Amino acid sequence: MRRALAVASTSPDDVPVGAVILGPDGAELASAGNERELTGDPTGHAEILAIRRAAARLGEWRLEGCTLVVTLEPCTMCAGALVLARISTLVFGAWEPKTGAVGSLWDVVRDSRLNHRPEVYGGVLEPECARLMRDFFR
């Protein structure tokens, strides 16, 4: 999570969210911060960009055995993408009561109707992750 926090801090003009994808061996495959403002792309969330980069690096869309570490609870788009990418484990920091789709507002990743449900660990380094968001919006 500390690596994801460092990545989040590199996006001064966008909401500071950092995402890191670790391979099955624990090595970093990809990382990204939000780039919506930079690119004008509404899908430019850190999680989406990291998933794209990890898939490109592996040459495979299935990210089975991989772990996504992100500083903020994913939204519905990002939660859906990590399920579709078959990410095995999700670790996130701060809860997002307004848009969170991993338990706060919705729970996309644990929906029993889906064929893939990752393990989820929320609230990791939550105070540090939440502080990053509070400071940005202040």
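None of the values given here were measured: they were computed from a predicted structure.

Basis of the calculations
Residues numbered from 1 in each chain as written. Predicted model: local features only at pLDDT ≥ 70, side-chain atom pairs only at ≥ 80, totals over all residues. Heavy atoms only, no water. Helix = DSSP H or I, 4+ residues; strand = E, 2+ residues; numbered from the N terminus. Expected span 1.5 Å × (residues − 1). Buried < 20%, exposed > 50% of the residue type's maximum accessible area, 1.4 Å probe, protein only. Arc of directions from axis to C-beta. Contact = heavy atoms within 4.5 Å. Pairing = 2+ DSSP bridges. Axes fitted to C-alpha atoms, helices over the stretch in contact; angles between N-to-C directions. Lys, Arg positive; Asp, Glu negative; His and termini not counted. Salt bridge = Lys/Arg side-chain N within 4 Å of Asp/Glu carboxyl O. Polar contact = N/O pair within 3.5 Å; in protein donor to acceptor, adjacent residues only side chain to side chain. Parallel < 35°, antiparallel > 145°, perpendicular 65-115°, else oblique. Left-handed = near helix turned anticlockwise from the far one by under 90°. Nonpolar A, V, L, I, M, F, W, Y, C, P; charged D, E, K, R; others polar. Core = buried A, V, L, I, M, F, W, Y, C linked by side-chain atoms within 4.5 Å. Disulfide = S-S within 2.5 Å.

Draft legend 1. Quick look at helix H5 (residues 126-137). The end-to-end C-alpha separation of H5 is 17 Å, in line with the 16 Å expected for 12 residues at 1.5 Å each. Of all the positions in H5, only Cys129, Leu132 and Met133 are classed as buried. The buried residues of H5 occupy an angular sector of 90° when the element is viewed end-on, so they sit on one face. On its buried side, H5 packs onto helix H1 (2-8), strand S3 (67-72) and strand S4 (89-94).

Draft legend 2. Seen up close, the sheet that holds strand S2 (residues 28-33). An order of S2-S1-S3-S4-S5 is seen for the five strands of this open sheet, with the pairing classed as mixed. Across the chains shown, the open sheet's two edge strands, defined by having one partner strand only, are S2 and strand S5 (119-121). Across the sheet, the mean angle separating the axes of adjacent strands is 15° when strand polarity is ignored. Sheet topology note: the S4/S5 ladder contains three bridges and is parallel. From the neighbouring strand, threonine 89 faces S5, where its bridge partner is glutamate 119. Running over the sheet, helix H3 (residues 46-58) touches strand S1 (18-22), S2 and S3 and is turned about 150° from S2. Contacting S3 and S4, H5 crosses the sheet at an angle of about 60° to S4.

Draft legend 3. Structural detail: the side chain of arginine 86. Position of arginine 86 among the secondary structure elements: in the loop between helix H4 (76-84) and S4. Among buried charged residues, arginine 86 stands out as having no salt bridge; its nearest opposite-charge side chain is glutamate 64, 5.1 Å away. Of note is the side chain of arginine 86, whose polar atom sits 3.0 Å from the backbone oxygen of leucine 84. Not counting residues up to four positions away in its chain, the partners in contact with arginine 86 are Trp61, Arg62, Leu63, Glu64, Asn115 and His116.

Draft legend 4. Looking closely at the packing of H3 against H4. Where H3 contacts H4, the axes come no closer than 9 Å and their chain directions differ by 25°. In terms of orientation, H3 lies roughly parallel with respect to H4. Note that H3 runs across H4; the crossing there is left-handed. Touching Glu47, Ile48 and Ile51 of H3 are Met77, Cys78, Ala81 and Leu82, all from H4. Class assignment of the residues belonging to the contact of H3 with H4 gives a composition of six nonpolar, no polar and one charged.

Draft legend 5. Layout of the nonpolar core. Counting 45 residues, the largest nonpolar core has Ile21, Ile51, Leu63, Leu82, Ile87 and Leu90 as the members making the most contacts within it. Listing elements by their share of this core, those giving two or more residues are H1, S1, S2, H3, S3, H4, S4 and H5. In terms of residue count, H3 provides more of this core than any other element does, seven residues in total. Leaving out residues up to four positions away in the same chain, isoleucine 51 has contacts with Ile21, Leu63, Ala81, Leu82, Ala85 and Ile87.

Draft legend 6. View of the state of the cysteines. As enumerated under the stated definition, the model contains zero disulfides in all. Unpaired in this structure, cysteine 75 has its nearest cysteine sulfur neighbour in cysteine 78, at a distance of 3.7 Å. Cysteine 75 gets classed as buried once you look at its relative accessible area, which sits at 16%.

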